[in-house]
Amino acid sequence: MNQDVFMIGGEALSSRLFIGTGKYGADSLIPAVCEASGAQVITVAMRRVEGQSRGITGHIPAHMRLLPNTSGARTAEEAVRLARLARAAGCGSWIKIEVISDTRYLLPDGYETARATEMLVKEGFTVLPYINPDLYVARACVDAGAAAVMPLGAPIGTNRGLRTREMIGILIEEIDLPVVVDAGIGLPSHACEAMEMGAAACLVNTAIASSPDPVGMARAFRHAVQAGRAAYLAGPGAQSSGRAVASSPLTGFLR
C-alpha cells in the first residue's frame, strides 16, 4: 500500500485516511491518534485556531498537513474570510470549504460552496469543498477549480454510515477529481465500503473521537481504509445471478 500514492493540489499522499481534531475528551489524545491512524492530513476548525497561538494546533504533530475548515460560515463571503484568516495564521493554503446555514440537518449549501470555491481558487488556495453528493454541485466545484470534492455519507456527526451510497457512486464514476467521503462514517466497515467503491479517501472524526478508545479506533480505521483500497485495486469477483455456484467441482468424487 505504501506505493499507492494519490495527489491533491500537487502534493503526493500515501495515506488515504484524513482525520479531525474535534470532539476529543482531551486534545492531548491527538498526537497518539495521528500516529495510530497513519494519517497525513488533519482538519481543524478555523474558529478554534483564531487567537490560540498555543491552542489546538499545539497538539498536532509537525509532519501533519493542516486542512483548516470554514465551519460556522453561512455564506461564501464568510467562508472566504475564514480561509484568509487561516492562511494568515500560518495554516497554509489548503482549505476545506463548509458553508452551512441549515441549523437542523447541517447540510451544506451547494451554491454558496461553489461560489466560495471559485473565489478562493483565484486567490491560490487548494480548495476541498464539503458537499451533498449532488452531481451538479460537484461539477460546479470542478469547474470552479476544486482540488477534490468531499461528499457526505450521512448527516455530519451521526455515525450512520453510507446512507448516500448510490449518489456517492455516481460522483466516483462521473467526477474526474479525488472523491473524499466525509461525514457520517461511523465504523471502519463504512470506510472500507467507501474505499471498495473507488473513493480516493475518507475523512473520519466523530467515529474516532467519540470511541471509548480513540487510539484503537484510529488504528482500526487505518487498516479498514487500506483493506478497502486494496480490494478496489484487486477488483471484485464475479457475482452470480442468484443460484449457488460450488467453489469445488461436483464431479470426480471417490467411489
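The text that follows walks through the structure, step by step, so that each part is easy to find. (Residues numbered from 1 in each chain as written. Predicted model: local features only at pLDDT ≥ 70, side-chain atom pairs only at ≥ 80, totals over all residues. Heavy atoms only, no water.)

**Brief notes about the overall build of the protein chain**
The following threshold applies: Numbered from the N terminus, helices here are DSSP runs of H or I no shorter than four residues, and strands are runs of E no shorter than two. It is over C-alpha atoms that the radius of gyration is taken, and the globule rule equals 2.2 Å times the number of residues to the power 0.38. Whether two residues touch is decided by their heavy atoms; if any such pair falls within 4.5 Å, the residues are in contact. To measure how exposed things are, a 1.4 Å probe is used in the Shrake-Rupley method; for residues, cover is taken only from the protein chains shown. For the purpose of charge, His is not counted, nor are the chain termini; Lys and Arg are scored as positive and Asp and Glu as negative. By convention, the charge on Lys lies at NZ, on Arg at CZ, on Asp at CG and on Glu at CD.
Secondary structure assignment for the protein chain yields nine helices and 10 strands. Taking 18 Å as the expected radius of gyration for a compact globule of 255 residues, we find that the protein chain reaches 20 Å, a close match to that expectation. Partitioning the intrachain contacts of the protein chain with sequence separation of at least 6 by distance along the chain shows that 64% fall at a separation of at least 24. Carbon together with sulfur atoms contributes 51% to the accessible area of the protein chain, which is approximately 12,600 Å² in total. Positive and negative side-chain charges of the protein chain, numbering 23 and 23 respectively, have mean locations separated by a distance of 5 Å.

**Considerations on the packing of helix H5 (residues 135-144) against helix H6 (residues 165-174)**
Put simply, the rule is: Only C-alpha atoms enter the line fits that serve as axes; for helices the fit covers just the stretch in contact. Angles between N-to-C directions range over 0 to 180 degrees. The sense of a crossing depends on the near helix, which, turned anticlockwise from the far helix by less than a right angle, makes the crossing left-handed and, turned clockwise, makes it right-handed. For this classification, Asp, Glu, Lys and Arg are treated as charged, while Ala, Val, Leu, Ile, Met, Phe, Trp, Tyr, Cys and Pro are nonpolar and the rest, including Gly, are polar.
Contact pair H5 / H6: the axes reach a minimum separation of 10 Å and the direction vectors enclose 35°. Remark: the crossing between H5 and H6 carries right-handed chirality. Contacts from Leu-135, Ala-138 and Arg-139 in H5 reach Ile-170, Leu-171 and Glu-174 in H6. Taken together, the residues of the contact of H5 with H6 break down into four nonpolar, no polar and two charged.

**Description of the pattern of salt bridges**
Heads up, the rule is: In the sections that follow, a salt bridge refers to a side-chain nitrogen of Lys or Arg positioned within 4 Å of a carboxyl oxygen of Asp or Glu. Only protein chains enter the accessibility calculation, which uses a 1.4 Å probe; a residue whose area is less than 20% of its type maximum is buried, one above 50% is exposed, and one in between is partly exposed.
Scanning all chains against the criterion turns up 10 salt bridges. Its salt-bridge partner being Arg-65, residue Glu-11 comes within 2.6 Å of it at the nearest N-O pair. Pair noted here: Glu-11 is in strand S2 (residues 11-13) and Arg-65 is in strand S5 (residues 65-69), with a separation of 54 residues, a long-range link. Since its relative accessible area comes to 25%, Glu-11 is described here as partly exposed.

**Describing the environment of Thr-126**
Relative to the helices and strands, Thr-126 is located in strand S7 (residues 126-131). Sequence separation between Thr-126 and Ala-146 is 20 residues, and the spatial gap between their C-alpha atoms is 7.0 Å. Residues in contact with Thr-126, not counting those within four places in the same chain, are Ile-8, Gly-9, Ser-93, Trp-94, Ile-95 and Ala-147.

**Let's talk about the environment of Ala-199**
Inspection of the secondary structure assignment puts Ala-199 in the loop between helix H7 (188-197) and strand S10 (201-204). Sequence spacing of Ala-199 and Ala-144 is 55 residues, and the spatial spacing of their C-alpha atoms is 21 Å. Ignoring any residue separated from it by four or fewer positions in sequence, one finds Ala-199 in contact with Ile-172, Val-179, Val-181, Ala-194 and Arg-229.

**Quick look at helix H3 (residues 76-88)**
Every α-helix carries 3.6 residues per turn, so stepping three or four residues along brings you back to the same face. Heads up, the rule is: Given a helix with a known number of residues, its expected span is that number minus one, times 1.5 Å. To be clear, the arc concerns the directions from the helix axis to the C-beta atoms.
When the terminal C-alpha atoms of H3 are compared, their 18 Å separation across 13 residues agrees well with the 18 Å that a helix rising 1.5 Å per residue should span. Within the sequence span of H3, burial applies to Ala-76, Ala-79, Val-80, Leu-82, Ala-83 and Ala-86. Along the axis of H3, the buried positions cluster into a sector of 165°, meaning they face one direction only. Directly after H3, the chain includes Gly-90, whose backbone phi takes a positive value near 90°.

**Let's talk about unusual backbone geometry**
A positive phi is found at Asn-159, a non-glycine position, where the angle reads about 60°. Relative to the helices and strands, Asn-159 is located in the loop between strand S8 (150-151) and H6. Phi angles above zero are rare outside glycine, and Ala-183 is one such case at about 80°. By the secondary structure assignment, Ala-183 is in the loop between strand S9 (180-182) and H7. Of the residues examined, Ala-183 reaches a relative accessible area of 6% and is grouped as buried.

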